[in-house]
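# Notes for the structure review
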Protein chains: 2
Amino acid sequence: MTLNDLASSLAAARERIGRIALGDVIHRSARRFGARTALIEGERRLSYAELDAATNRFAHYLLAQGLRNGERIGMLCNNSIEMIVALLGIQKAGLVWVPINTGLAPDAVRYILEHAEVARLVADTSVLARAGIGELAPALGIPVVALQQPGEPAPPPGAQPFAATLNGQPETLPAVDIASGQLAQIMYTSGTTGPQKGVMHSHASVHSVLAPNLLDIGGRPGTDVYTCLLPVFHCAQHGSTMSALLGGHTVVVTRGFDAGQVLAAIARHRVSVVVALPMMYRAMLEHPAFPATDLSSVRMCIYGMAPLPKTLLLKLQQAFCPDFALCSGQTEMYPAATIFEPEEQRRRFGPYWGVGTVANEVAVMDDEGRLLGPGETGEIVFRGPNVMLGYYKDAEATRRAQRFGWHHTGDLGQMDEDGQLLFLDRIKDMIKSGGENVPSIKVEEVLLRHGAVANAAAVGLSHQRWGEAVTAFVTLKPGAAVEPGELDAHCRAHLGGFEVPKDIVVLDLLPMTSTGKIQKFELRQRYQAHYEGGAA
Amino acid sequence: MTLNDLASSLAAARERIGRIALGDVIHRSARRFGARTALIEGERRLSYAELDAATNRFAHYLLAQGLRNGERIGMLCNNSIEMIVALLGIQKAGLVWVPINTGLAPDAVRYILEHAEVARLVADTSVLARAGIGELAPALGIPVVALQQPGEPAPPPGAQPFAATLNGQPETLPAVDIASGQLAQIMYTSGTTGPQKGVMHSHASVHSVLAPNLLDIGGRPGTDVYTCLLPVFHCAQHGSTMSALLGGHTVVVTRGFDAGQVLAAIARHRVSVVVALPMMYRAMLEHPAFPATDLSSVRMCIYGMAPLPKTLLLKLQQAFCPDFALCSGQTEMYPAATIFEPEEQRRRFGPYWGVGTVANEVAVMDDEGRLLGPGETGEIVFRGPNVMLGYYKDAEATRRAQRFGWHHTGDLGQMDEDGQLLFLDRIKDMIKSGGENVPSIKVEEVLLRHGAVANAAAVGLSHQRWGEAVTAFVTLKPGAAVEPGELDAHCRAHLGGFEVPKDIVVLDLLPMTSTGKIQKFELRQRYQAHYEGGAA
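Procedures and definitions
Residue positions are given per chain, counting from 1 as you read along its sequence in written order. Each chain takes a letter, starting from A, and each ligand takes a number, starting from 1, following the order in which they are written. Since the coordinates come from a predicted model, pLDDT governs what is reported: local features require at least 70, and pairs of side-chain atoms require 80 or more to be given and counted, while whole-chain, interface and lining totals use all residues. Heavy atoms throughout the structure, all of them, feed into the side-chain values; hydrogens and water do not. Here a helix means four or more residues in a row that DSSP labels H or I, a strand means two or more in a row labelled E, and each is numbered from the N terminus. Using C-alpha atoms as the atom set, the radius of gyration is obtained and then compared with a globule rule of 2.2 Å times the number of residues to the power 0.38. With a 1.4 Å probe rolled over the protein chains alone, any residue whose accessible area is under 20% of its type maximum counts as buried; one over 50% counts as exposed, and the rest are partly exposed. Contacts: residue pairs with any heavy atoms within 4.5 Å of one another. For the charge count, each Lys or Arg is scored as positive and each Asp or Glu as negative, with His and the chain ends excluded. In this description, the location of a charge corresponds to atom NZ of lysine, CZ of arginine, CG of aspartate or CD of glutamate. Interaxial angle, 0 to 180 degrees, is taken between N-to-C directions of lines fitted to C-alpha atoms, where a helix line uses only the stretch in contact. Any angle that falls under 35 degrees is termed roughly parallel, while one over 145 is termed roughly antiparallel, one within 65 to 115 roughly perpendicular, and all others oblique. Crossing handedness follows the turn of the near helix against the far one: under a right angle anticlockwise gives a left-handed crossing, and clockwise gives a right-handed one. Polar here means any residue outside two lists: the nonpolar Ala, Val, Leu, Ile, Met, Phe, Trp, Tyr, Cys and Pro, and the charged Asp, Glu, Lys and Arg; Gly therefore counts as polar. Any pair of N or O atoms that falls within 3.5 Å is considered a polar contact. Within protein, one atom must be able to donate a hydrogen and the other to accept it, and sequence-neighbouring residues count only if both atoms are side-chain atoms. Ring pairs shown here join Phe, Tyr and Trp side chains whose ring centres sit within 6.5 Å, with only the six-membered ring taken for Trp; geometry is labelled stacked below 30 degrees between planes, edge-to-face above 60, and tilted in between. Two limits define a charge over a ring: the Lys NZ or Arg CZ must be within 6 Å of the ring centre, and within 35 degrees of the ring normal. By convention in these notes, a salt bridge is any Lys or Arg side-chain nitrogen within 4 Å of a carboxyl oxygen on Asp or Glu. For the handedness criterion, the strands are oriented away from the viewer, and a crossover whose path from the first strand over the helix to the second runs clockwise is classed as right-handed. Here the copies were fitted onto each other by least squares, based on C-alpha atoms from residues at pLDDT of at least 70 in both. Throughout, buried area stands for the accessible area (probe radius 1.4 Å) lost by two parts on being put together, summed over both. We define the nonpolar core as a collection of buried residues of types Ala, Val, Leu, Ile, Met, Phe, Trp, Tyr and Cys that are connected through side-chain atoms lying within 4.5 Å of one another. Helices are assigned an expected span. That span is 1.5 Å times one less than the residue count. As a per-residue quantity, pLDDT reports the predictor's confidence and falls between 0 and 100. Note on pairing: DSSP must find at least two bridges between two strands before they are called paired.

Our next topic: the overall build of chain A. A count of helical and extended segments in chain A gives 19 helices and 26 strands. At 24 Å, chain A has a C-alpha radius of gyration in line with the 24 Å of a compact globule built from 536 residues. Its C-alpha atoms put chain A at 70 × 65 × 50 Å along the principal axes. Relative to its 536 residues, chain A shows a buried fraction of 61%. Counting only contacts in chain A whose residues sit at least 6 apart along the sequence, the fraction spanning at least 24 positions is 68%. Once the 47 positive and 53 negative side-chain charges of chain A are each reduced to a mean point, those two points are 4 Å apart.

Take the packing of helix α3 (residues 48-64) of chain A against helix α4 (residues 81-92) of chain A next. All names here are of chain A. Orientation of α3 relative to α4, taken along the N-to-C sense of each, is 60 degrees, at an axis distance of 7 Å. Between α3 and α4, the crossing angle belongs to the class labelled oblique. For the pair α3 and α4, the crossing hand works out as right-handed. Along its contact with α3, which presents Leu 51, Asp 52, Ala 54, Thr 55, Asn 56, Phe 58, Ala 59 and Leu 62, the element α4 presents Val 85, Ala 86, Leu 88, Gly 89, Ile 90 and Lys 92.

Next up on the list: the packing of helix α2 (residues 22-33) of chain B against helix α4 (residues 81-92) of chain B. Residues and elements named next belong to chain B. Viewed as axis vectors pointing N to C, α2 and α4 meet at an angle of 110 degrees, and their least axial separation amounts to 7 Å. The orientation of α2 with respect to α4, classified from their angle, is roughly perpendicular. The way α2 lies across α4 gives a crossing that is left-handed. Taking contact as the criterion, the partners of Leu 22, Gly 23, Ile 26 and His 27 in α2 are, on α4, Leu 88, Gln 91 and Lys 92. Considered class by class, the residues forming the contact of α2 with α4 number three nonpolar, three polar and one charged.

Bringing the side chain of Arg 220 of chain B into the picture now. Relative to the helices and strands, Arg 220 of chain B is located in the loop between α10 (210-217) and β10 (225-228). One polar contact links Arg 220 of chain B to Glu 343 of chain A, side chain to side chain, over a distance of 3.1 Å. Leaving out residues up to four positions away in the same chain, Arg 220 of chain B has contacts with Leu 215, Asp 216, Ile 217, Gly 218, Met 300, Glu 341, Pro 342 and Glu 343 of chain A together with His 249 of chain B.

Across all of its chains, the model carries 22 aromatic pairs over all chains by this definition. Each ring, one from Phe 320 of chain A and one from Phe 324 of chain A, has its centre 6.4 Å from the other, and the planes form 85 degrees; the classification is edge-to-face. Grouping residues by exposure puts Phe 320 of chain A and Phe 324 of chain A together as buried. Note on Phe 33 of chain B and Tyr 48 of chain B: the rings are 6.3 Å apart at their centroids and 50 degrees apart in plane angle, and the pair reads as tilted. Taken together, the residues Phe 33 of chain B in helix α2 and Tyr 48 of chain B in helix α3 (residues 48-64) connect sequence positions 15 residues apart. Like Tyr 48 of chain B, Phe 33 of chain B is buried. Among the aromatic residues, those joined into a cluster by ring pairs are Tyr 281, Phe 290, Tyr 303, Phe 320 and Phe 324 of chain A. A cation over an aromatic ring shows up here: Lys 502 of chain A above the ring of Trp 466 of chain A, its NZ or CZ 4.2 Å from the ring centre.

With that settled, consider the pattern of salt bridges. All names here are of chain A. Summed over all chains, the structure comprises 74 salt bridges over all chains. Where Arg 526 meets Glu 522, a salt bridge forms, and the shortest distance between an N and an O atom there is 3.7 Å. Residue Arg 526 and its partner Glu 522 are both found in helix α19 (residues 520-526); the two are separated by four residues, about one turn of the helix. By relative accessible area, which is 48% here, Arg 526 ends up partly exposed. A relative accessible area of 28% means that Glu 522 is categorised as partly exposed.

The next subject is the pairing of strand β4 (residues 96-99) of chain A. Burial of the side chains of β4 of chain A extends over both faces: Val 96 and Val 98 of chain A are buried on one face and Trp 97 and Pro 99 of chain A on the other. Of the crossover connections in this fold, the one passing from strand β3 (residues 72-76) of chain A over α4 of chain A to the parallel β4 of chain A is right-handed.

A word on the relation of the copies chain B and chain A. By a simple turn and slide, chain B fits onto chain A: the slide is 0.0 Å along the axis, the RMSD is 0.1 Å, and the turn is 180 degrees. This pairing of chains is accounted for by a two-fold axis. With an isologous cut-off of 70% or more, the 100% of interface residues of chain B that recur at the interface of chain A puts this contact in the isologous class.

Taken together, the contact between chain B and chain A spans 65 residues of the former and 65 residues of the latter. The junction of chain B with chain A conceals about 5,200 Å² of combined surface from both sides, 57% of it contributed by carbon and sulfur atoms. It is Ile 17, Arg 32 and Arg 220 of chain B that lose the most area in chain B upon contact with chain A, and together they represent 16% of the buried surface on that side. Our count for the contact surface shared by chain B and chain A stands at twelve salt bridges. Measuring nitrogen to oxygen at the nearest pair gives 3.1 Å for the salt bridge that ties Glu 343 of chain A to Arg 220 of chain B. Broken down by element, the side of chain B that touches chain A gets its largest block of residues, six residues, from α10 of chain B.

Okay, the nonpolar core next. If you look at the biggest cluster of nonpolar residues, it comprises 246 residues, and the most contacted ones within it are Leu 39, Phe 58 and Tyr 281 of chain A together with Leu 39, Phe 58 and Tyr 281 of chain B. Other than its neighbours up to four places away in sequence, Tyr 281 of chain B contacts Val 274, Val 275, Ala 276, Cys 301, Ile 302, Tyr 303, Leu 316, Phe 320 and Phe 324 of chain B.

The next point concerns the side chain of His 238 of chain B. Residues and elements named next belong to chain B. Checked against the element boundaries, His 238 lands in helix α11 (residues 235-246). Overall, the relative accessible area of 1% leaves His 238 in the buried class. Within the structure, His 238 has its side chain in polar contact with the side chain of Tyr 334 (distance 2.7 Å). Excluding its chain neighbours within four sequence positions, the residues that come into contact with His 238 are Leu 87, Trp 97, Gln 185, Met 187, Val 206, Val 232 and Tyr 334.

Looking now at α10 of chain B. Residues and elements named next belong to chain B. Of all the eight residues making up α10, eight are buried; the element is thus mostly covered by neighbouring parts of the structure. Inspection of α10 places Leu 210, Ala 211, Pro 212, Asn 213, Leu 214, Leu 215, Asp 216 and Ile 217 among the buried residues, and these make up the whole buried set. A positive phi of about 80 degrees marks Gly 218, the residue just after α10.

Moving on to α3 of chain B. Residues and elements named next belong to chain B. Here α3 contains 17 residues, and its C-alpha end-to-end distance of 24 Å stays within 8% of the 24 Å for a straight helix at 1.5 Å per residue. Most of α3 is tucked away, with 13 of its 17 residues classed as buried. Just beyond α3, the residue with positive phi is Gly 66, at close to 90 degrees.

Attention now moves to unusual backbone geometry. Between Pro 335 of chain A and the following residue, Ala 336 of chain A, the backbone shows a cis peptide bond with an omega angle of 0 degrees. With respect to the secondary-structure elements, Ala 336 of chain A resides in strand β15 (residues 333-340). Here Phe 404 of chain B, not a glycine, exhibits a phi torsion of approximately 60 degrees, which is positive. Along the chain, the position of Phe 404 of chain B falls in the loop between α16 (395-401) and β20 (407-415).

Moving on: the confidence of the model for chain A. On average, residues of chain A carry a pLDDT of 92, and 95% of them reach 70 or more. Scored as a complex, the prediction yields pTM 0.88 and ipTM 0.87.

Our next topic: the pairing of strand β8 (residues 183-188) of chain A. Residues and elements named next belong to chain A. Within β8, six of the six residues are buried, leaving the element largely enclosed by the surrounding structure. In this structure, β8 lies alongside strand β9 (residues 198-202), joined through five bridges in antiparallel fashion. Looking at β9, one finds that Leu 183 is bridged to Ser 202.

All names here are of chain B. Here Pro 335 is to be found in the loop between β14 (324-328) and β15 (338-340). Taking relative accessible area as the criterion, Pro 335 reaches 11% and is therefore assigned buried. The sequence separation of Pro 335 and Gly 70 amounts to 265 residues, and the corresponding C-alpha distance is 24 Å. Beyond its immediate sequence surroundings of up to four residues, Pro 335 is in contact with Val 209, Asn 213, Cys 235, Ala 236, Ser 328, Gly 329 and Gln 330.

The following block contains the structure:
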């Protein structure tokens, strides 16, 4: 037996003693912080001891149903205490949590239920009541556990009410063997890129970011109060909430985003760490209740998805607290994978993602797998224990994403001279027009600077002469209007000639994912014949 | 293929992309904190970029020597920048670091060299110059790399000078496959319990405490300055230093403990986090330079090994900073495994270990594997990813230590009503006298309260009537003396009748390990016939 064989066999033998399991996070926090408040929602509070007991009960219920290690449990829930209890119960039972975006159309939900071969579905009664959704599970023969919130519809016939599942179940941690590397969850990416992919993570891969996340936020265990206002079915909020629970902090759960409600919750519960999207910070800032709200408890604001425009950032730093940090990641690269630190935010402005967290490393790579130096443009790649296991039932896509031993994000980026990472564009959103590369983001930024424009997307559409023609789609602010040629002139004033859109289309609505990303593939598909017949 | 088989095969395939390797900590910190100072020793400073390059060079040297994955590299070094470079180079090369306590006698060193089948030895020239040590490696045919510090002896003939090993080696991370679960180090326990045992840890098991350690200390990455004054060959200092390096902090390396030097270093380098033993804090407090030393940079003091007496703790909180935390652990249970938090230190006094860190959980267990409740006495047990892989070449001892799925510490403890863990005694140091249990620590504490006593150890020695007779060994403070019967009277005033030592022996020296623990097994062995013939 070689030494490494020996180590491997010992490592296997100690899976039990040394396991990393997401449910154990709650179990351990309950030992250390039992009496402290783990979750607050409205008037309700759950201590760590109560959260531990409730999640154990739901795990025992699932096991009593005959569900076993590795089976997939779907979830169609908006944020609530019960949702968090249910997802942790699923993972404590050694089952695989398959959260589904509640904003998806019935066909997309059906795709996930079938693709993941979901054995049970935990769903909000309000989501089940939506046209086309409630019928799916019965049609596929999937038993349903229904979460009913006050004022929401009753569970449909045949569904098991969530509250009833907990009755009579033991409060102790179920004795289930869980291997650190086994599947903990499959999250389907929300699809800016077409067909949904099931991103598999193990207990260990998700767990690997939890303590590092807290490090970048600072503060000792058991001392902070976190928001939970983005959907927990999304990796960003799930990672943030699990981090807070690992650290014994208090999490204030909000169901859907309402600026006034969130402001009131921050003041009432003395929230210290806010995690939100740029547009949410803006909405809070512009809310009538803002000036009278006590925000003195807030010490750190995390944002994601997009950079904050400089003027807005400066206002927010005045209004909330000096420390704002942009955290990025992907479902595939459990967040946070990069952080643009508070100190750096005061020093440089632009589409920065900052540096890799202590959990992982980030680099820029060319198509042949060579790592690039400062100022060179290439694909943003990651390495670290928070990389997904792979795409469920898609070994080929997994292999492509993990070539050269790095996780490929599909994002174009560049390191500056100080090692700070700049995000340039999604690779597929880089427009190749007349032999030149045009970052769609650059065009969008110029359009967004025009006073009448609310939102903008630039894509390349097939064109006889240009190959791809830069084409912009915009929506206007309420009550705003533009003269013919006004946006074109604005672009000409701020962009290079080859970067100016060949056409700018004003729309009432841009197609969006439920997490607020523009679905450019929708635009490309809908307008694929835009230049046929030689327009523009 | 079941889902879990699939996950396992994917997990294996992503060992490279998602690996956890101790050397990568430096590589990643260098990407994020390249220009910051990683190590300071005397007048020398190494930035993270320089530390990364130097460790890569030493790794390349070892690989160029034909050493391969899993081979053991011994180390006989006191703290220095070079020692830290060497140990990280060993781990970056996928080799196994075998640190050896430099205070060990030649026989004990020889035992480790042979038991671990060491393939190379990295050693300080000053240690090699010690009688009986320098001959060991040549006699065993082990090539030596010699670290020479200023003012220390030249490398012995045949040894390769460390500085020369770095020449001409590449500065890039060596492309070595390292599995997260593979052996990273074997640390031989310093032997309060007799024969040394080789405690095996993987890259992942050591890594699992690094971010959690920083959490309990608080502070954001790249902002703190840590001491490094305990020996790095000991798990406590190794864990602390690796944590600091993961966090991009600065580490001030001290070679041996000199209170005046450490005070000067704290003031000069604006140290914010001090990690030291109680007796070292006392020595600093009593040093003539103390009153004039600027300690305003210190925000957290970590101590280990033993509780701080209340009066000393209160003085230290005034003199250094309000936040003192006791961190405990074992080589087998990589530290910190428990923390007695600063807030708790102000609330309760006694032999508290506090609570499990966010890395692991701690409990008290009876002999049948049942977890005990508050107020019940049993063995302190742990579970978590920081548990050792096992004892090298001792599967039976490993099995014993890991029975019932928990790591058994050999320590007796009790949870109080608030879930705070009290350490009572080493199980084998609990004295069973006349059918009663007498914690040796209780007897020692009473003796230490006597003004003349410098140090004390109580053990049970074989006795016809009592089974074990409580027997105390003490050393006196310089210049102090005691009347016959004085210590006995002191004990009678403060202990129950059956707890009073049957004999109190005054010694010039107590046998100690190099980490400052009294070697009770030595006392038991030396005095095993103390009561033969019916004495006392």
